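Overview (structure and organization)
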Amino acid sequence: MLEKTFVAGIAGGTASGKSTLCEKLENALKDYKLFVIHMDGYFKPDKDRPHPKAFVTQKEYSDHNHPESFYLNKLNTDLEEIISKNEYEIIIIEGLLTLWDDNIYNKLDLKIFVDCKADERIVRRLKRNMAWGLTFDEISSVYLDMVRYRHEEYVEPSKYRADIIINGSNPTDISLEVLTEYIKNKIKHGERL
């Protein structure tokens, strides 16, 4: 039996590089018993998400960046269950609200925020979502009318709860090595925060 599963949380704005960092950590820690949770897997169906009107245009949107858009209770229950089984050395959870939600936050041994300027994030989001078949106008409208406000409301304030902030514009091999070695060291010495 393991002493205790080490739980790392990764947060950051839309298209900041959360999933990319998670994938790199997953690869760097592949020799460990590792479980990854993506918050996007806990989205509620569109009909069950908030549908507020944009602050300026008054256009109604399905809100993908609000706490009520996720099954956070289910996510927390699943996380608790995975931790309690004590089958994994490391759990990584990544998503917009990983450092915002207190129930998740209080289970984390390491809190990571991927920081990236808004202009770069919107360009990345445009490229990604246009590849999924959405138009420039669809993507830019929802970002300008809704996403940026939710970022300021929920995501950005959680940055100050992080143990470490990673440069999402230029993630370096050194930053990945620092995170990886920190986690390996904590596991090796049986230390938990």
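The coordinates are above.
So, a few notes on the structure that sits alongside this text. (Residues numbered from 1 in each chain as written. Predicted model: local features only at pLDDT ≥ 70, side-chain atom pairs only at ≥ 80, totals over all residues. Heavy atoms only, no water.)

A look at the pattern of salt bridges
- With the rule as written, the count across this model stands at 14 salt bridges.
- The residue E68 makes a salt bridge to K44 at a minimum N-O spacing of 3.7 Å. Within this pair, whereas E68 is found in the loop between β2 (34-38) and α2 (72-85), its partner K44 is found in the loop between β2 and α2, the two being separated by 24 residues in sequence.
- The exposure class assigned to E68 is partly exposed, which follows from its relative accessible area of 45%.
- Note that R150 is salt-bridged to D63, the shortest N-O span being 2.5 Å. Of the two residues, R150 is situated in helix α5 (residues 136-158) and D63 in the loop between β2 and α2; the sequence distance between them amounts to 87 residues. An identical accessibility class is assigned to R150 and D63; each is buried.
- What emerges from the salt-bridge pattern is a single network uniting D63, R150 and E153. (Salt bridge = Lys/Arg side-chain N within 4 Å of Asp/Glu carboxyl O. Helix = DSSP H or I, 4+ residues; strand = E, 2+ residues; numbered from the N terminus. Buried < 20%, exposed > 50% of the residue type's maximum accessible area, 1.4 Å probe, protein only.)

Structural notes on the nonpolar core
- Among the nonpolar cores identified, the biggest contains 22 residues, and I37, M39, L99 and I104 are the most heavily contacted of them.
- Taken together, the elements giving at least two residues each to this core come down to β1 (6-12), α2, β3 (90-94), α3 (102-105) and α5.
- The greatest single-element share of this core, amounting to four residues, is contributed by α2.
- If near-sequence neighbours (up to four positions away) are discounted, M39 is found in contact with F70, L72, L75, E94, G95, L96, L97, T98 and I104.
- In this structure, C22, V36, L110 and I187 belong to the second largest nonpolar core, which totals 19 residues. (Core = buried A, V, L, I, M, F, W, Y, C linked by side-chain atoms within 4.5 Å. Contact = heavy atoms within 4.5 Å.)

A word on the packing of aromatic side chains
- Evaluated as defined, the whole model comprises five aromatic pairs.
- Arranged with centres 4.6 Å apart and planes meeting at 20°, the rings of F43 and F70 form a pair that is stacked. In this pair, F43 is assigned in the loop between β2 and α2 and F70 in the loop between β2 and α2, connecting sequence segments 27 residues apart.
- Judged by relative accessible area, F43 falls into the partly exposed class, the value being 24%.
- Under the relative-accessibility criterion, F70 is labelled buried at 2%.
- The ring centre of Y105 lies 3.8 Å from the NZ or CZ of R161, which sits over that ring. (Phe/Tyr/Trp six-rings, centres within 6.5 Å; stacked < 30°, edge-to-face > 60°. Lys NZ or Arg CZ within 6 Å of the ring centre and 35° of its normal.)

Some remarks on the pairing of β2
- Bridge analysis of β2 against β3 gives five bridges, and the strand direction is parallel. In the sheet register, V36 faces β3, and the bridge partner there is I92. (Pairing = 2+ DSSP bridges.)

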